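Coordinate analysis (summary)
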Amino acid sequence: ARAAAIIENNYRLPENYGKQGEIMEMREIISTGNDLAAIAAVDAGCEFFGGYPITPSSEVMHTISDLLPKAGGAAIQMEDEIAGVAAAAGAAMSGVRAMTATSGPGVSLKAENLGLAQMAEVPMVLVNVMRGGPSTGLPTRVSQGDIRQSRNPSHGDFRSITLCAGNLSECYTEVVRAFNLADRFMQPVFVLTDETIGHMHGKAMVPTVEEVKKGIVPRKTFDGPAEEYKPYGVEGDEPAVLNPMFTGYRYHFTGLHHDAMGFPTEEIETCRKLIQRLEDKVMMHRDELELNEEFM
């Protein structure tokens, strides 16, 4: 089994992982960056993984396919990268937390469905273990050449959210944070690692599963009468409110410009407000996103 060896030592260390200055229960895991990303997804409540093996990210799928069924979830290897992200998007549309993982050329193939998820406001996490490019490039060598790609992973006007792991611990913590941000902003969130950190084997200090569970921020839902439910009829700086499927609320998913119920429209003011909201829901809440260290 590829599951990491966990050393049962708990620590109380200050971390900028949750609220500022919060002290969290920590644990030590000896593993690789790819395995840590998979473990983090399961700990954060991911219930579905759809993907396709590609060097150097394949171990993410290997590990999560072992762990998810034991946690009541499902992992599936699809026929290609396109189907992998499409399956993850479909699972996320139903209301569960979903993830896919790949490397540079795989992101290129996933681009169209990532655009659909941005437009329809479908939350999911994509882990990109970067390698040398462009094209097939250097499959087994390290690079950080996909940063600009993650800024504009698909055509059109929207704001992408990307987190970058700088060490083994962040391969875990940034994946956890990505799931919370995906549900908060209702859109795909990228987590960038690379071949070196993905395959590096070492010690990582990460929050306990209990701390992660306490920090999970679920999606907003609408609890009023079904006839008053308008999932995309929200404030100009807020994401859509998409209730889980099969709960009595009806709406429509589309990649087209759409109205408050999700049905296609070409009414100019409705389209303008939609695109502006996709921008503002991120840019007006950057304080919830930005987290970095400065080294002098």
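For the structure itself, consult the block above.
Figured I'd write up the structure that's included with this text. (Residues numbered from 1 in each chain as written. Predicted model: local features only at pLDDT ≥ 70, side-chain atom pairs only at ≥ 80, totals over all residues. Heavy atoms only, no water.)

What follows deals with the nonpolar core. Of all hydrophobic cores here, the largest spans 42 residues; its most connected members are Phe49, Ile64, Met99, Val127, Tyr172, Val175 and Phe179. Here this core takes 10 residues from helix 6 (residues 168-185), the largest share from any one element. The contacts of Val127, once residues within four sequence positions are left out, are Met99, Thr100, Ala101, Thr102, Val175 and Val191. Within the second largest apolar cluster, 27 residues are counted, among which are Ala88, Leu126, Met186 and Tyr229. (Core = buried A, V, L, I, M, F, W, Y, C linked by side-chain atoms within 4.5 Å. Buried < 20%, exposed > 50% of the residue type's maximum accessible area, 1.4 Å probe, protein only. Helix = DSSP H or I, 4+ residues; strand = E, 2+ residues; numbered from the N terminus. Contact = heavy atoms within 4.5 Å.)

Right, let's get into the pairing of strand 7 (residues 161-164). Covered by surrounding structure in strand 7 are Ile161 and Leu163 only, the residues Thr162 and Cys164 on the alternate face being uncovered. As paired strands, strand 7 and strand 8 (residues 188-194) are joined by four bridges and run parallel to one another. When the bridges of strand 8 are listed, Leu163 appears paired with Val191. (Pairing = 2+ DSSP bridges.)

The next subject is the pairing of strand 2 (residues 23-32). With respect to burial, strand 2 is a largely interior element, seven of its 10 residues being buried. Bridge count for strand 2 against strand 9 (residues 201-207) is seven bridges, and the pairing is antiparallel. Pairing of Met26 across the sheet is with Pro207, part of strand 9.

Turning to the side chain of Ser57, a few remarks are in order. Mapped onto the fold, Ser57 is located in the loop between strand 3 (46-51) and helix 2 (58-70). Among residues more than four places away in sequence, those in contact with Ser57 are Asn34, Ala101, Thr102, Ser103 and Val129.

Across the interface, helix 1 (residues 33-43) lies against helix 2 with an axial gap of 8 Å and an inter-helix angle of 35°. Considering the relative orientation of helix 1 and helix 2, their crossing is right-handed. Along its contact with helix 1, which presents Asn34, Asp35, Ala38, Ile39, Ala41 and Val42, the element helix 2 presents Glu59, Val60, Thr63, Ile64, Leu67 and Leu68. For the contact of helix 1 with helix 2, the residue count by class is eight nonpolar, two polar and two charged. (Axes fitted to C-alpha atoms, helices over the stretch in contact; angles between N-to-C directions. Left-handed = near helix turned anticlockwise from the far one by under 90°. Nonpolar A, V, L, I, M, F, W, Y, C, P; charged D, E, K, R; others polar.)

Helix 1 sits mainly inside the fold: 11 of its 11 residues count as buried. Note on helix 1: the residue one or two positions beyond its end, Gly45, has a positive phi of about 100°.

Another aspect to go through is the sheet that holds strand 5 (residues 97-102). Reading across the sheet, the six strands line up as 4-3-5-6-8-7 and stay open at both edges, with parallel pairing between neighbours. In this open sheet, the two strands that pair with only one neighbour each are strand 4 (74-77) and strand 7. Here the average twist between neighbouring strands, direction ignored, is 20°.

This next bit is on helix 4 (residues 104-120). Taking 1.5 Å of rise per residue, the 17 residues of helix 4 would be expected to cover 24 Å, and the 24 Å separating its terminal C-alpha atoms lies within 8% of that figure. Of all the bends in helix 4, the greatest, near 55°, is centred on Ala111. Among the 17 residues of helix 4, 12 are classified as buried, and the element is accordingly described as predominantly covered. Of all the residues in helix 4, the buried ones are Gly104, Gly106, Val107, Lys110, Ala111, Asn113, Leu114, Gly115, Ala117, Gln118, Met119 and Ala120. Looking at the packing, one finds that the buried side of helix 4 touches helix 3 (81-94), strand 5, strand 6 (124-130), helix 5 (147-151), strand 8 and helix 9 (268-283). Directly beyond the C-terminal end of helix 4, a positive phi value near 65° is found at Glu121. (Expected span 1.5 Å × (residues − 1). Bend = angle between axes of the 7 residues up to and from the residue.)

Limitation: the analysis is restricted to geometry and does not speak to function.
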